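Below, each chain spelled out in residue letters.
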Amino acid sequence: MSFDTNNKKTVKPGLKNVKSFIPAILILSIVLILLNGCASSLQKAKVNLAQGQRLENSFQTEEAAAFYQKTLKEMEKEVRKNPSSQAYLLKGLAEFKLNKWSEAASSFSLAASLGEDKAESWAGEVSLYGLALSFEELGLEQSAVRLYSILSNKGKFSPVVRAAVGKLIDFQLNSLEEVGEKDREKILSNSLKIIEKALAEEPACGFYHYLLSQVLSHQKNYLESFEEAVMARELGLPSEEIYRDNDNQIVFCYRTLSQTLPLEPLAEFKAIYQHWINKWNWPDEETPAWKGR
């Protein structure tokens, strides 16, 4: 009898302990499900953002915008449920890609307030860029140029810095027709410094090599202009319009150098040129593959 009694005493506390664990297990399971849902939502947004970037790099702008829109909708839901710094950062990046400047600046500010340090400077830079665009649209070019110059010199958010450098160089090159030879050289020298500074920060940016090619061409340095245009093409360019303009620059350099280089350097240049157009599948020296599509 004593054995049976002891057995009952040992069994009852065991059952009690199992019952006490059940609520804890349920709570833990719910927490894990919620955390997995949150991670899944953020991961989905990252995948959509990356897919949008891939399509944008392939010049499929409408398809890219659809993925950026998906990212934005996903993060709008996420910040209502779980307003984290990462969610606001992703939301801001999607808004930036969709040219929603004020919304992106606001999202970056909220990301910064929740602990994402880098987002604080991003918020200010996006705001300044949006303001510069507004000034430009209103015809206030000097104010726009001043803001683009500040962003190109001090900016940390590379997409804004690239856009600002591009705008600044456009303004500089567009002014060449209105000035004399002395001022022309000064403008080109200043443009060269702006691009060289940008390239020192981001040497693998194809867009900066494209801009450098344009400036070198205006300086009548066609061989280096050609080389920079090739680098730009190989590293990648941000839009189909710029991509095609860069190809046209390559053809322009080829035509000019064919007429100006001495015989021996010309033979060497043409061999190099043939190598590249073979790689790019151009039908001939002056016809990029996209022509006639």
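That block above? That's the structure.
Residues numbered from 1 in each chain as written. Predicted model: local features only at pLDDT ≥ 70, side-chain atom pairs only at ≥ 80, totals over all residues. Heavy atoms only, no water.

Q: Just checking my understanding: could you explain the overall build of the chain for this structure?
A: Along the chain, the regular secondary structure elements total twelve helices and zero strands. Secondary structure elements of the chain, listed N to C terminal, follow the sequence α-α-α-α-α-α-α-α-α-α-α-α. Residue burial in the chain is summarised as follows: out of 293 residues, 39% are buried. Summarising the internal contacts of the chain: among those between residues at least 6 apart in sequence, 52% fall at separations of at least 24. Carbon and sulfur atoms make up 55% of the accessible area of the chain, which amounts to about 17,400 Å² in all. (Helix = DSSP H or I, 4+ residues; strand = E, 2+ residues; numbered from the N terminus. Buried < 20%, exposed > 50% of the residue type's maximum accessible area, 1.4 Å probe, protein only. Contact = heavy atoms within 4.5 Å. Areas by Shrake-Rupley, 256 points an atom, 1.4 Å probe, with all protein chains shown as cover.)

Q: What is the right way to look at the layout of surface pockets in this model?
A: It is the rolling of a water-molecule-sized probe over the atoms that shows where space remains empty. A volume near 1,400 Å³ is recorded for the largest pocket. What lines the largest pocket is a set of 41 residues, and nearest its centre among them are Glu56, Pro159, Ala163, Pro238 and Ser239. Sorting the residues of the lining of the largest pocket by element identifies helix H1 (2-57), helix H2 (61-81), helix H3 (85-97), helix H5 (118-137), helix H7 (158-174), helix H9 (206-218) and helix H11 (240-260) as the ones contributing at least two each. Among the elements that make up the lining of the largest pocket, the one with the highest residue count is H7 (eight residues). (1 Å grid on protein atoms, 1.4 Å probe; cavity = no way out; pocket = protein on both sides within 12 Å on 5 of 7 lines; lining within 4 Å. Points joined across faces, edges and corners; volume = space filled by probe spheres on them.)

Q: Looking at this structure, I do not really get the packing of helix H8 (residues 181-201) against H9. What am I missing?
A: Each pair of packed helices can be described by the angle between their axes along with the distance between the axes. Closest axis-to-axis distance for the H8/H9 pair is 10 Å, and the angle between their directions is 160°. Classified by the interaxial angle, the pair formed by H8 and H9 is roughly antiparallel. H8 and H9 meet at a crossing whose hand is left-handed. For the pair H8 and H9, the contacting residues are Arg184, Leu188, Ser191, Leu192, Ile195, Ala198 and Leu199 in the first and Tyr208, His209, Leu211, Leu212, Val215, Leu216 and His218 in the second. Broken down by class, the residue content of the contact of H8 with H9 amounts to ten nonpolar, three polar and one charged. (Axes fitted to C-alpha atoms, helices over the stretch in contact; angles between N-to-C directions. Parallel < 35°, antiparallel > 145°, perpendicular 65-115°, else oblique. Left-handed = near helix turned anticlockwise from the far one by under 90°. Nonpolar A, V, L, I, M, F, W, Y, C, P; charged D, E, K, R; others polar.)

Q: Before we go on, may I ask you to explain the side chain of Glu125 in this structure?
A: For Glu125, the position within the fold is in helix H5. One buried charge, Glu125, has no salt-bridge partner; the nearest side chain with opposite charge is Lys156, at 7.3 Å. In this structure the side chain of Glu125 is engaged in a polar contact, spanning 2.8 Å, whose partner is the backbone nitrogen of Lys156. Once residues within four sequence positions are removed from consideration, Glu125 is found in contact with Leu151, Lys154, Gly155, Lys156, Phe157 and Val160. (Lys, Arg positive; Asp, Glu negative; His and termini not counted. Salt bridge = Lys/Arg side-chain N within 4 Å of Asp/Glu carboxyl O. Polar contact = N/O pair within 3.5 Å; in protein donor to acceptor, adjacent residues only side chain to side chain.)

In short, geometric facts, not functional conclusions.
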